[in-house]
Amino acid sequence: MAVNARPTRRRRAAHFWNDARVRAVTAQIVLMAALLAGAVYLVHNTLLNLERLGVSTGFGFLWTAAGFDISQTLVPYDRTHSYARAFLVGLLNTFYVSIVGIVLATILGFIVGIARLSSNWLVAKVAAAYIEIVRNVPLLLQLIVWYFVVLGNLPLPGDSIALLGGAYLNIRGLFLPKPVPEPGFAWTVYALVAAIVAVVLLARWARRRFEETGRPFPTFRVGLAILVLVPLAVFLLTGAPLSFEYPEVGRFRVSAGLVLLPEFLAMVAGLSVYTAAFIAEIVRAGIEAVDRGQWEAAYALGLSRGQTLRLVVIPQALRVIIPPQTSQYLNLTKNSSLGVAIGYPDFFNVAGTINNQTGQAVEVIAITMAVYLSLSLAISAFMNWYNRRMALVER
């Protein structure tokens, strides 16, 4: 029995290593161990070199006074606040310009993408020219043109361009009337939130009704009426508790009001126009991916071209549009770091200033990488959820 035991164990070992799953798991374990060992070595070596150079490590610097100002702040901030607060201000600026850019790029991209397929020769060619020119010019160059050529040639504050509604435009930015809420305005906000919830429920009911009966419901018109009329009624019943602080033009400056800095305007214009060119091609490809029979069936039912696009084609095209469009949203968010070239105080710009003042390069770079990674993962998670919602489900 003892003589045959060794060959049996050998056969079992050979069978064990011949299993593809065992080899795959073992290779992954070895690879992860090697990567972990390499990471530990790099961290240990970095800490030793920093200690040899007399450079302090750690994140304690985040709670010391920053000592520098930031031109655009969405939360209260001055030079006496901490570096952590400065990081927060930069993060909010990046989030702000990214959200505004994504919304405008999506709207402009859909318009241009649909125009690209227009039966009007001039409209189609203008849309095609816009796409080919904009997406083949580097974004950094476009930002510089927007900031130094377009906005940089606006008049001085004393010669500001008067716009509708008491707004003014000059070389220092766009000055708008600043809303000042008064006591009781909270009820209007509550009414707006309730109206949004009502519109969401209405849309779900209209979709179920359409699936069950085939009868469409004017969701857009009714929903828009609810969103406008309900808050407006509450606003008027509470005595219109909202006033405006209008900009006042002086000889050398514009005081009061709400200002959008030229750096912000250049970033929004550059990012949205550039990204919209790519989104337009994605929209065009998604619409053309829908079978031509869907168009013909919709026309046979008496639907107009606009109704066919809105009710039949675009809902089917979204399953093709959303995945690559997610990449464009990610690109726009990361491209906002180019704002450092024109002085926009985004997260990357603020992080560079903090790095120059503190010398905490490792920590600052780690925070910067973590922030952009978190933003990208959050956008991807939301778009993946939306993609699952819009996917065609077989019954």
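The preceding data block contains the structure.
On a predicted model such as this, the values are computed, not experimentally measured, just so you know.

Enquirer: Requested: an account of the environment of K178, with residues and values cited.
Expert: Positionally, K178 belongs in strand β4 (residues 178–181). Residue class for K178 comes out partly exposed when judged on its relative accessible area of 37%. Along the chain, K178 and V259 lie 81 residues apart, while their C-alpha atoms are 8.6 Å from each other. Every residue in contact with K178, bar those within four places of it in the chain, is listed here: S243, F244, E245, G257 and L258.

Enquirer: Pulling in residues and values, what's your account of the nonpolar core?
Expert: Counting 49 residues, the largest nonpolar core has V97, Y130, F264, M267 and I287 as the members making the most contacts within it. Looking at this core, the elements that each hand over two or more residues are α3 (83–116), α4 (121–134), α5 (139–150), α8 (262–288), α10 (305–335) and α12 (361–390). Looking at which element gives the most residues to this core, the answer is α8, with 15 residues. Setting aside anything within four residues of it in sequence, one finds Y130 in contact with L108, V112, V273, A276 and A277.

Enquirer: Summarise a nonpolar patch on the surface; cite the residues concerned and give the values.
Expert: A surface patch of nonpolar side chains, about 920 Å² in accessible area, is lined by L192, I196, V200, F220, L224, L227, V228, L229, L232 and L236. Among the secondary structure elements, those contributing two or more residues to the nonpolar patch are α6 (186–213) and α7 (219–237). Broken down by element, the nonpolar patch gets its largest block of residues, 7 residues, from α7. Residue placement: L224 occurs in helix α7.

Enquirer: Kindly report on the layout of surface pockets, identifying the contributing residues and their values.
Expert: Unoccupied space between atoms shows up once a probe the size of one water molecule is rolled over them. Its boundaries defined by the atoms lining it, the largest pocket holds a volume of some 2,400 Å³. If you trace the largest pocket, you find 44 residues lining it, with R207, R310, L311, P315 and M390 closest to the centre. For the lining of the largest pocket, the secondary-structure elements that each account for two or more residues are α3, α6, α7, α10 and α12. A per-element tally of the lining of the largest pocket places α10 first, with 11 residues. Here the lining of the largest pocket is composed, by residue class, of 30 nonpolar, 6 polar and 8 charged.

Enquirer: Can you break down the side chain of Q316 residue by residue, with the values?
Expert: Secondary-structure assignment places Q316 in helix α10. Only 3.0 Å separates the side chain of Q316 from the side chain of Q294, close enough to count as a polar contact.

Enquirer: Give a description of a positive patch on the surface that names residues and reports values.
Expert: Where like charges cluster on the molecular surface, the positive patch consists of R204, R207, R208 and R389. A total of 3 residues in the positive patch trace back to one element, the largest contributor, which is α6. On the accessibility criterion, R204 (46% relative accessible area) is partly exposed.

Enquirer: Summarise the sheet that holds strand β3 (residues 173–176); cite the residues concerned and give the values.
Expert: With antiparallel pairing, 4 strands are arranged side by side in an open sheet as β1-β2-β3-β8. One side of each edge strand has no neighbouring strand; the edge strands of this open sheet are β1 (161–162) and β8 (258–260). Across 2 bridges, β1 lies against strand β2 (residues 168–170) in antiparallel orientation. Residue pairing for β2: I161 is matched across the bridge by L169.

Enquirer: Describe α6, and please don't skip the residues or the numbers.
Expert: Across its 28 residues, α6 extends 40 Å between first and last C-alpha, which sits within 8% of the 40 Å expected from 1.5 Å per residue. When α6 is considered as a whole, its buried residues turn out to be T188, A191, A195, V199, L202, A206 and R209. Looking at the buried residues of α6, the elements they touch are α7. Taken from the residues just after α6, G214 is the one with a positive phi, measuring 80°.

About the cut-offs
Residues numbered from 1 in each chain as written. Predicted model: local features only at pLDDT ≥ 70, side-chain atom pairs only at ≥ 80, totals over all residues. Heavy atoms only, no water. Helix = DSSP H or I, 4+ residues; strand = E, 2+ residues; numbered from the N terminus. Buried < 20%, exposed > 50% of the residue type's maximum accessible area, 1.4 Å probe, protein only. Contact = heavy atoms within 4.5 Å. Core = buried A, V, L, I, M, F, W, Y, C linked by side-chain atoms within 4.5 Å. Patch = residues over 30% accessible without salt bridge, like charges linked within 9 Å, V, L, I, M, F, W, Y side chains within 5 Å. Areas by Shrake-Rupley, 256 points an atom, 1.4 Å probe, with all protein chains shown as cover. Salt bridge = Lys/Arg side-chain N within 4 Å of Asp/Glu carboxyl O. 1 Å grid on protein atoms, 1.4 Å probe; cavity = no way out; pocket = protein on both sides within 12 Å on 5 of 7 lines; lining within 4 Å. Points joined across faces, edges and corners; volume = space filled by probe spheres on them. Nonpolar A, V, L, I, M, F, W, Y, C, P; charged D, E, K, R; others polar. Polar contact = N/O pair within 3.5 Å; in protein donor to acceptor, adjacent residues only side chain to side chain. Lys, Arg positive; Asp, Glu negative; His and termini not counted. Charge placed at Lys NZ, Arg CZ, Asp CG, Glu CD. Pairing = 2+ DSSP bridges. Expected span 1.5 Å × (residues − 1).

By themselves these figures say nothing about function.
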